[in-house]
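One letter stands for each residue in the lines below.
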Amino acid sequence: MKITVLGTGEGGRLHAAKLSELGHEVVVGTRDPATTLARTEPDMMGNPPMSEWLAAHPGIALLSFGAAAAAADRLVISGIDGASAVNALSGIKEQLTGKVLVDYGIPFNYGVSGPHPWPTPWGSMPTFAVLDSDSLGEQIQRALPNTHVVKAFCTQEQATVVSPGDFNGGDHTMPISGNDPEAKAAVVDLLKSYGWTDILDLGPLVSARGQEMYSHLHSAIGFALGGDRRFGLKVVR
Ligand SMILES: NC(=O)c1ccc[n+]([C@@H]2O[C@H](COP(=O)([O-])OP(=O)(O)OC[C@H]3O[C@@H](n4cnc5c(N)ncnc54)[C@H](OP(=O)(O)O)[C@@H]3O)[C@@H](O)[C@H]2O)c1
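Residues numbered from 1 in each chain as written. Predicted model: local features only at pLDDT ≥ 70, side-chain atom pairs only at ≥ 80, totals over all residues. Heavy atoms only, no water.

**Quick notes on the sheet that holds strand E5 (residues 100–103)**
Within a sheet, adjacent strands bond to each other through the backbone by hydrogen bonds, running parallel or antiparallel.
Okay, so step 1: Ordered in space as E3-E2-E1-E4-E5-E10-E11-E12, the eight strands form an open sheet in which the pairing is mixed. Because the sheet does not close on itself, it has two edges, and the strands there are strand E3 (61–64) and strand E12 (198–201). Strand-to-strand twist in this sheet, taken as the mean axis angle between neighbours without regard to direction, amounts to 25°.
Okay, so step 2: Here helix H1 (residues 10–21) sits on the sheet in contact with strand E1 (2–6), strand E2 (25–30) and strand E4 (75–78), set at roughly 165° to E1.
Okay, so step 3: Contacts from helix H8 (residues 181–194) reach E4, E5, strand E10 (148–151), strand E11 (173–178) and E12 within the one sheet, and its direction differs from that of E11 by about 160°. (Pairing = 2+ DSSP bridges. Helix = DSSP H or I, 4+ residues; strand = E, 2+ residues; numbered from the N terminus. Axes fitted to C-alpha atoms, helices over the stretch in contact; angles between N-to-C directions. Contact = heavy atoms within 4.5 Å.)

This is the structure in structure tokens:
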């Protein structure tokens, strides 16, 4: 299949590499390919320049967000920074018409500190730009009414999403949310190809609110375990 990953961050790269390994034709989207390829410094998360990463992953193409979205047969993964995703995706809604868009963004506001800040190893914990009565997933769906949005992947580190079997024998749970059963079935197939065996359909996209708001607990668990310790979410029932 021709699958597109929008985003050059750590998560986007992990998905693109895994999909290529699985034999798919993979295109990665970025704002401006020339600007992205001209970068010579690691990004703010320490990921090496995209030109180095592409050289190590021959066969993966880098295109603009719009051209990359247009290239997908059906499935597009959005790894666009949560604060920018609605705007960036709205600009390419024609190219996303009829497609399944998996959104794993978290609607974080970085650098905003309220009266009771939560100190973390990387500054104050970001606040949510939307919560309780809305979610990033629903905002994207409203902006792209002719695209089938599925919220998934955001309750795990993306390294775990693409390789669930790397620890605990793969015995952990992947929640998904979305309004269209066929779109969710396509995402379930993708997850099974990654190795997921426990996929929990939370129902309509409104349940994306729960997935996104879980991210503070995910961070807290990560701080408690320390360092690069990997962990998963398991719903025992
Ligand atoms: N990494 C994880 O394990 C993980 C886990 C759960 C959830 N999340 C969430 O998933 C999202 C993506 O995370 P990530 O770490 O993979 O990538 P990221 O570093 O958050 O985002 C990288 C992408 O966002 C694009 N971008 C940044 N500013 C933009 C703007 N103003 N307009 C349009 N595009 C813009 C970049 O475009 P260029 O390519 O042009 O630079 C790049 O493609 C985030 O919301 C994050 O909180 C991540």
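**Thoughts on the pairing of E12**
Okay, so step 1: Here four bridges tie E11 to E12, and the two strands are oriented parallel to one another. Bridge pairing in E12 links Met174 to Ile199.
Okay, so step 2: At this point the chain moves from E11, through H8, to the parallel E12, and the crossover so formed is right-handed. (Right-handed = clockwise from strand over helix to strand, strands pointing away.)

**Let's talk about the site of the ligand**
Okay, so step 1: If you check the shell around the ligand, you find 23 residues, and the closest are Thr8, Thr30, Arg31, Gly82 and Tyr104.
Okay, so step 2: A distance of 3.0 Å separates an oxygen atom of the ligand from a polar backbone atom of Asp81.
Okay, so step 3: In this structure, an oxygen atom belonging to the ligand sits 3.0 Å away from a main-chain N or O atom of Gln158.
Okay, so step 4: For the ligand, the accessible surface in isolation is 890 Å², of which the surrounding protein chains cover 78%.
Okay, so step 5: In terms of residues, the shell around the ligand owes the most to one element, H1, which gives three residues. (Near = heavy atom within 4 Å. Polar contact = N/O pair within 3.5 Å; in protein donor to acceptor, adjacent residues only side chain to side chain. Areas by Shrake-Rupley, 256 points an atom, 1.4 Å probe, with all protein chains shown as cover.)

**Some points on the packing of aromatic side chains**
Okay, so step 1: Scanning all chains against the criterion turns up five aromatic pairs.
Okay, so step 2: Judged by centre distance (6.2 Å) and plane angle (40°), the rings of Tyr104 and Phe153 are tilted. With Tyr104 in the loop between E5 and strand E6 (108–109) and Phe153 in the loop between E10 and helix H7 (158–162), this residue pair connects regions lying 49 residues apart in the sequence. In terms of burial, Tyr104 and Phe153 fall into one category: buried.
Okay, so step 3: Arranged with centres 5.7 Å apart and planes meeting at 75°, the rings of Phe108 and Tyr110 form a pair that is edge-to-face.
Okay, so step 4: Within the aromatic cluster, the residues linked to one another by ring pairs are Tyr104, Phe153 and Tyr194. (Phe/Tyr/Trp six-rings, centres within 6.5 Å; stacked < 30°, edge-to-face > 60°. Buried < 20%, exposed > 50% of the residue type's maximum accessible area, 1.4 Å probe, protein only.)

**Here's the deal with the pattern of salt bridges**
Okay, so step 1: For the structure shown, the criterion picks out ten salt bridges.
Okay, so step 2: Taking the shortest distance from any N to any O, the salt bridge between Glu138 and Arg209 comes out at 2.8 Å. With Glu138 in helix H6 (residues 136–143) and Arg209 in helix H9 (residues 208–213), the pair connects residues that are 71 residues apart, well separated along the chain.
Okay, so step 3: A relative accessible area of 11% places Glu138 in the buried class.
Okay, so step 4: For Asp198, the salt bridge is made with Lys234, and the minimal N-O distance between the two is 2.8 Å. Placement of the pair is Asp198 in strand E12 and Lys234 in the segment after helix H10 (215–225), with a sequence separation of 36 residues.
Okay, so step 5: Judged by its relative accessible area of 10%, Asp198 is buried.
Okay, so step 6: Residue classification places Lys234 among the partly exposed residues on the basis of a relative accessible area of 34%.
Okay, so step 7: A single salt-bridge network, built from bridges that share partners, covers Asp171, Asp198, Lys234 and Arg237. (Salt bridge = Lys/Arg side-chain N within 4 Å of Asp/Glu carboxyl O.)

**A short note on the confidence of the model for the chain**
Okay, so step 1: Summarising the model, the chain shows a mean pLDDT of 96, and 100% of its residues fall at 70 or more.
Okay, so step 2: Across the chain, the element-wise mean pLDDT spans from 89 in strand E8 (residues 123–124) up to 99 in E10. (pLDDT = per-residue confidence, 0-100.)

**Digging into unusual backbone geometry**
Okay, so step 1: In this model, Asp132 sits at a positive phi of 65°, which is unusual for a non-glycine residue.
Okay, so step 2: Along the polypeptide, Asp132 turns up in the loop between strand E9 (127–128) and H6.
Okay, so step 3: At Phe153, a residue that is not glycine, the phi angle is positive and equals roughly 75°.
Okay, so step 4: Classification of Phe153 as buried rests on a relative accessible area of 0%.

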